[in-house]
Amino acid sequence: MSKEKTIKNKILEYIYTISKQPILLKDLLVANRQHNDGMHVDPAKLGFRLRLIRAYQVYIAIVLAILIPISLLTHKPLVKIDPHISILGAMAITAIIFIGFNFFRDRMRDAMTNELIIRSWKLHFPFFSYEEYSEKIDEIFEKSMKEEISKRDLEKYILDNLSK
């Protein structure tokens, strides 16, 4: 991860297992292409796996950090109103919590994907910043696939096209 440890980076390190193996160039380029197109990237290609129990623990902690203060603030007014409204509210909140975990998991997977693509980018293309060259290299990669460039010659092909 990056040198500075943000809360998000600590959470990502806690809920994901990351392989020590470097990401292959072709896997990086395919993942970059899918990521740029807004698709989910196969975690196995980038070498990470979700630890589901830890993800649940983090999500529960976030939910409790939000719900406990809200409960403390709304408890007295809810005691005075009809219990049916409280029951309906509890059902809605429960549904939101269960649906929210899928959004949380997707968001964390996208963050981890982005982190690993940028980290691997620095290994394969150390002189080309990700922000500036990801789209351009994506176009060159698409062109190389049409021309059926072999995996062995792919890096040379990309670097040659970047220098033009």
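Each value, and the rule that gives it
Residues numbered from 1 in each chain as written. Predicted model: local features only at pLDDT ≥ 70, side-chain atom pairs only at ≥ 80, totals over all residues. Heavy atoms only, no water. Axes fitted to C-alpha atoms, helices over the stretch in contact; angles between N-to-C directions. Helix = DSSP H or I, 4+ residues; strand = E, 2+ residues; numbered from the N terminus. Parallel < 35°, antiparallel > 145°, perpendicular 65-115°, else oblique. Left-handed = near helix turned anticlockwise from the far one by under 90°. Contact = heavy atoms within 4.5 Å. Nonpolar A, V, L, I, M, F, W, Y, C, P; charged D, E, K, R; others polar. Core = buried A, V, L, I, M, F, W, Y, C linked by side-chain atoms within 4.5 Å. Buried < 20%, exposed > 50% of the residue type's maximum accessible area, 1.4 Å probe, protein only. Phe/Tyr/Trp six-rings, centres within 6.5 Å; stacked < 30°, edge-to-face > 60°. Salt bridge = Lys/Arg side-chain N within 4 Å of Asp/Glu carboxyl O.

(A) Structural view of the packing of helix 6 (residues 130-146) against helix 7 (residues 151-162). Where helix 6 meets helix 7, the axes come as close as 10 Å, and the angle between the chain directions of the two elements is 125°. Taken as axis vectors, helix 6 and helix 7 run oblique relative to one another. Seen from above, helix 6 lies across helix 7 with right-handed handedness. Two secondary-structure elements touch here, helix 6 through Tyr-133, Lys-136, Ile-137, Ile-140, Phe-141, Lys-143 and Ser-144 and helix 7 through Leu-154, Tyr-157, Ile-158, Asn-161 and Leu-162. Its residues placed into classes, the contact of helix 6 with helix 7 shows eight nonpolar, two polar and two charged.

(B) Inspection of the nonpolar core at higher detail. Counting residues in hydrophobic clusters, the biggest one holds 33 residues, and the most contacted among them are Leu-29, Leu-46, Phe-125 and Ile-158. At the level of secondary structure, the elements contributing two or more residues to this core comprise helix 1 (7-15), helix 2 (25-36), helix 4 (52-80), helix 5 (83-124), helix 6 and helix 7. The leading source of residues in this core is helix 5, at eight residues. Excluding residues that lie within four positions of it along the chain, Leu-46 makes contacts with Ile-23, Ala-31, Val-41, Thr-113, Leu-116 and Ile-117.

(C) Region of the structure containing the packing of aromatic side chains. Applying the stated criterion across every chain, the model contains eight aromatic pairs. For the ring pair Trp-121 and Tyr-130, a centre distance of 5.1 Å and an interplane angle of 85° mean the geometry is edge-to-face. Judged by its relative accessible area of 1%, Trp-121 is buried. Taken together, Tyr-56, Tyr-59, Phe-101 and Phe-104 form an aromatic cluster joined through their ring pairs.

(D) Expanded view of the pattern of salt bridges. As enumerated under the stated definition, the model contains six salt bridges in all. With its nearest N and O atoms 3.8 Å apart, the salt bridge here joins Lys-45 to Asp-27. One end of the pair, Lys-45, is in helix 3 (residues 43-46); the other, Asp-27, is in helix 2, with 18 residues separating them in the sequence. The class for Asp-27 is buried, based on a relative accessible area of 19%. The network of salt bridges with common partners includes Arg-33, Asp-138, Glu-142 and Lys-146.

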